[in-house]
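The lines below spell out each chain.
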Amino acid sequence: MEINVLTITILYIIGISAEGMTGALAAGRHKMDLFGVIFIALVTAIGGGSIRDVLLGHYPLTWVKHPEYIILICFCALVATKIPRIVTQLERLFLTLDAIGLVVFSILGAQIAIDQNHGFIIAIAGAVITGVFGGILRDILCARIPLVFQKEIYAGIAIIAGAIYYTLVIWLEFNTLICTLATLFIGVIARLLAIKYQWSLPIFSYNEEK
Amino acid sequence: MEINVLTITILYIIGISAEGMTGALAAGRHKMDLFGVIFIALVTAIGGGSIRDVLLGHYPLTWVKHPEYIILICFCALVATKIPRIVTQLERLFLTLDAIGLVVFSILGAQIAIDQNHGFIIAIAGAVITGVFGGILRDILCARIPLVFQKEIYAGIAIIAGAIYYTLVIWLEFNTLICTLATLFIGVIARLLAIKYQWSLPIFSYNEEK
Amino acid sequence: MEINVLTITILYIIGISAEGMTGALAAGRHKMDLFGVIFIALVTAIGGGSIRDVLLGHYPLTWVKHPEYIILICFCALVATKIPRIVTQLERLFLTLDAIGLVVFSILGAQIAIDQNHGFIIAIAGAVITGVFGGILRDILCARIPLVFQKEIYAGIAIIAGAIYYTLVIWLEFNTLICTLATLFIGVIARLLAIKYQWSLPIFSYNEEK
């Protein structure tokens, strides 16, 4: 159990660091000042978990309990503004870190729903909200339609990760560490394949004049 | 009392189904993928109630307690993407269902405020938040100024419904079922008249250079 | 202590009145109807405090406990729509009232974090969220990138106010009234100087094609 918590914590730190840096770059594309950059980095990294906790009544929020994560994300955002080109050139690395973040966030969301004795559907809802809401808030603050609604299967990975994790933990009753690692492995591979082959959900376009 | 709960539940299910379908069509007008369509349908149908519950500290949220509503709305959203033209042609039917949803949401919001021993103003606030916030969130996610701020009297119906319901329940101490049906009757008629005669609130336009 | 609460309450009322009026004018620039104007005035004035309370699990929210503030803000919004030109001509007065509001909101946010036994970082987070989130929500509802991310040092004042207040209250253990007045004095002066000399944070603009 201890080693599972340690693993999840390390992966979570990797995830929020990567999300903070990519959030900062998104802010840079909209010519924001230092506060805007840091704010959007924070929202991207910990916004999804905050929304999940508020909706599920799960207090205190992670960053309220661990303010050191705020400092870490501010630091990552500042680093990203200093070396934007390097971050962009390391695109593959960041896509992988982002994939890890997405799946770890999903696992955490599902686990919190499980801790609250919710069933399969709310576990998946917890996974999706944690995984994608940070990006949705980032895009709302940049006044654009959220990318996750239009891009390669991103939310789908959160749904799959939540479903696999719940199945392994609750129905197959595996050891939590094994569940975490198995979900992580499948989720990250699926995400990277989705990017490589540009898998996407069907687009629903409806434009009839009303 | 039992029959009142049953009535409200049936009307609530009609309301979220209609909101889910129209939310899905709104997403289709912005070329979103399947996840975007379902997400926006969910936000439109249950976003208002979620915001109300979070602001009033009313846990657990309805959809957390009844995940079957999530399934229902997903199903309605998918149906709407298959038959968008039919939904559009049934415009009158959907406007009526939407009007029922608006008034039922308002009644539920006012009732929850009453259950928490709040007074007239918070009952109306609960009605308005439940009634219109779903549409506001839908429009924010579509990156446009919320329609309810610019269209025919919509929020006004939620205010009137909340005020009538509070008056009947608290000041006149009528039977709850009677209060529900009377509010529903007046609210839906008022909404349909507002659409027919395009009643609207005065627009405040202010453009002086600052 | 009593006099401190009175002072804070009076300043808070000044703050929400000014925010309500400027929020209403912002709505007027986007041609909204009466409901939109009042809704945006309310969100601008009490949205930041609401988000803070929800994130910190601090119930009931201020306006739920004191619905009379809702009436006050509605009234201020209506007044602003009647005399928009006068409000604009009194720009200096309103900038000063807005500065007072910003600093008082920040003090309240920091104080609530302190009441909950949080440390320095969460006190500053409470100050910033209370001080700037109203304006952020207003701009999201007007479908534009939040001004606080691009303008003269605004959020910076909330951070400074939170830091000074926390230092005076917790580390130097001054009398609360003195802490409030000292923070208010420094914060408002700093804000007015920031406007006068157009102090701003460095802009991070990053536009390399991805």
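Preceding block: the structure.
As the structure is a prediction and not an experimental result, all values here were calculated from the model.

How each quantity is defined
Residues numbered from 1 in each chain as written. Chains lettered and ligands numbered in written order. Predicted model: local features only at pLDDT ≥ 70, side-chain atom pairs only at ≥ 80, totals over all residues. Heavy atoms only, no water. Least-squares fit on C-alpha atoms with pLDDT ≥ 70 in both. Contact = heavy atoms within 4.5 Å. Buried area = accessible area lost by both parts, 1.4 Å probe. Salt bridge = Lys/Arg side-chain N within 4 Å of Asp/Glu carboxyl O. Polar contact = N/O pair within 3.5 Å; in protein donor to acceptor, adjacent residues only side chain to side chain. Helix = DSSP H or I, 4+ residues; strand = E, 2+ residues; numbered from the N terminus. Pairing = 2+ DSSP bridges. Axes fitted to C-alpha atoms, helices over the stretch in contact; angles between N-to-C directions. Parallel < 35°, antiparallel > 145°, perpendicular 65-115°, else oblique. Left-handed = near helix turned anticlockwise from the far one by under 90°. Nonpolar A, V, L, I, M, F, W, Y, C, P; charged D, E, K, R; others polar. Buried < 20%, exposed > 50% of the residue type's maximum accessible area, 1.4 Å probe, protein only. Core = buried A, V, L, I, M, F, W, Y, C linked by side-chain atoms within 4.5 Å. 1 Å grid on protein atoms, 1.4 Å probe; cavity = no way out; pocket = protein on both sides within 12 Å on 5 of 7 lines; lining within 4 Å. Points joined across faces, edges and corners; volume = space filled by probe spheres on them. Phe/Tyr/Trp six-rings, centres within 6.5 Å; stacked < 30°, edge-to-face > 60°.

Draft legend 1. Inspection of the relation of the copies chain A and chain C at higher detail. The transform that puts chain A on chain C rotates by 120 degrees and translates by 0.0 Å along the axis, for an RMSD of 0.0 Å. Taken together, the rotation and translation describe the operation of a three-fold axis. Distance from the rotation axis, computed per C-alpha, reaches its smallest value in chain A at A143 of chain A: 3.5 Å. A different interface surface on each copy is seen, since only 12% of the contact residues of chain A are contact residues in chain C too.

Draft legend 2. Region of interest: the interface of chain A and chain B. Listed per partner, the contact involves 33 residues of chain A and 34 residues of chain B. Both sides of the chain A and chain B interface together cover about 2900 Å² of buried area, and 74% of this is carbon and sulfur. The three residues of chain A that bury the most area against chain B are F149, F204 and Y206 of chain A, which together make up 29% of that side's buried surface. Across the contact surface, chain A and chain B share 0 salt bridges. Our count for the contact surface shared by chain A and chain B stands at 1 residue pair in polar contact (both at pLDDT 80 or more). Broken down by secondary-structure element, the contributors of at least two residues to the side of chain A that touches chain B are α2 (34-56), α7 (120-141) and β2 (203-204) of chain A. If one sorts the elements of the side of chain A that touches chain B by residue count, α7 of chain A sits on top with 9 residues. In the sheet, β2 of chain A pairs with strand β1 (residues 32-33) of chain B via 2 bridges, with the strands oriented antiparallel. Its bridge partner lying in β1 of chain B, I203 of chain A is registered against D33 of chain B.

Draft legend 3. Up close: the packing of helix α1 (residues 2-28) of chain B against helix α2 (residues 34-56) of chain B. Residue and element names in this part refer to chain B. Taken N-terminus to C-terminus, the directions of α1 and α2 make an angle of 140 degrees; their axes are 7 Å apart at the nearest point. For the element pair α1 / α2, the angle class is oblique. In this structure, α1 crosses over α2, and the sense of that crossing is right-handed. Only G36, V37, I40, A41, T44, A45 and I46 of α2 make contact with α1, whose side of the interface consists of Y12, I16, E19, G20, G23, A24 and A27. For the contact of α1 with α2, the class distribution of residues is 9 nonpolar, 4 polar and 1 charged.

Draft legend 4. Geometry of the interface of chain A and chain C. Contact residues are listed per partner, giving 34 residues for chain A and 33 residues for chain C. Summing the contributions of chain A and of chain C, the shared interface buries around 2900 Å²; its carbon and sulfur component is 73%. Per-residue buried area on chain A facing chain C is highest for R29, D33 and F35 of chain A; these three make up 22% of the total on that side. For the pair chain A and chain C, the interface holds 0 salt bridges.

Draft legend 5. Representation of the relation of the copies chain A and chain B in the model. Between chain A and chain B, the superposition needs a rotation of 120 degrees and an axial shift of 0.0 Å, giving an RMSD of 0.0 Å. Both copies present different contact surfaces, since only 12% of the interface residues of chain A are interface residues in chain B too.

Draft legend 6. Highlighting the pattern of salt bridges. Applying the stated rule across the entire model yields 9 salt bridges over all chains. D139 of chain B is the partner of R144 of chain B in a salt bridge, and the nearest nitrogen-oxygen pair spans 2.7 Å. R144 of chain B sits in the partly exposed class, given a relative accessible area of 25%. Taking the relative accessible area as the measure of exposure, D139 of chain B reaches 0% and is therefore buried. Notably, a salt bridge pairs R138 of chain C with D139 of chain C, separated by 3.1 Å at the nearest N-O pair. Judged by relative accessible area, R138 of chain C falls into the buried class, the value being 13%. What you see here is one network of salt bridges that share partners, running through R138, D139 and R144 of chain A.

Draft legend 7. Structural detail: the nonpolar core. By size, the foremost hydrophobic cluster in this structure holds 232 residues, and its most contacted members are W63 of chain A, W63 of chain B together with W63 of chain C. For W63 of chain C, the residues in contact, after removing those within four places along its chain, are L55, I122, A125 and I129 of chain B together with I46, S50 and I70 of chain C.

Draft legend 8. Highlighting the layout of surface pockets. All names here are of chain A. By volume, the second largest pocket is sized at about 810 Å³. Taken together, 35 residues line the second largest pocket, and the ones lying closest to its centre are I8, H58, T62, L108 and I112. Going through the elements one at a time, α1 (2-28), α2, α3 (62-65), α6 (91-115), α7 and α8 (155-171) are the ones with two or more residues in the lining of the second largest pocket. No other element matches the 9 residues that α2 contributes to the lining of the second largest pocket. Here the residues of the lining of the second largest pocket are counted per class, giving 17 nonpolar, 14 polar and 4 charged.

Draft legend 9. Focus on empty space enclosed by the protein. Residues and elements named next belong to chain A. Taken as a whole and assessed by the stated rule, the structure comprises 1 cavity of 30 Å³ or more. When its volume is computed, the largest cavity comes out at roughly 30 Å³. With 4 residues, α7 is the single largest residue contributor to the lining of the largest cavity.

Draft legend 10. Expanded view of the packing of aromatic side chains. Inspection of the entire model under this criterion finds 21 aromatic pairs over all chains. Their ring planes at 70 degrees and their centres at 5.4 Å tell us that F120 of chain A and Y166 of chain A sit as a pair that is edge-to-face. Highlighted residues: F120 of chain A in helix α7 and Y166 of chain A in helix α8, separated in sequence by 46 residues. Overall, F120 of chain A belongs to the partly exposed group, its relative accessible area being 30%. Seen in terms of ring centroids, Y166 of chain B and W171 of chain B are 5.3 Å apart; in terms of plane orientation they differ by 85 degrees. Their pairing is edge-to-face.

Draft legend 11. Inspection of the environment of I114 of chain A at higher detail. All names here are of chain A. With respect to the element layout, I114 can be found in helix α6. Owing to a relative accessible area of 13%, I114 belongs among the buried residues under this scheme. Note: C-alpha distance between I114 and A45 (69 residues apart in sequence) is 22 Å. Once you skip the residues sitting within four places of it in the chain, I114 turns out to touch Y165, Y166, V169 and I170.

Draft legend 12. Representation of the environment of C179 of chain A. Residues and elements named next belong to chain A. With respect to the helices, strands and loops of the structure, C179 is situated in helix α9 (residues 176-196). For the pair formed by C179 and Y166, sequence separation is 13 residues and the distance between their alpha carbons is 8.7 Å. Discounting chain neighbours no more than four positions away, the residues touching C179 are Y165, L168, V169 and F174.

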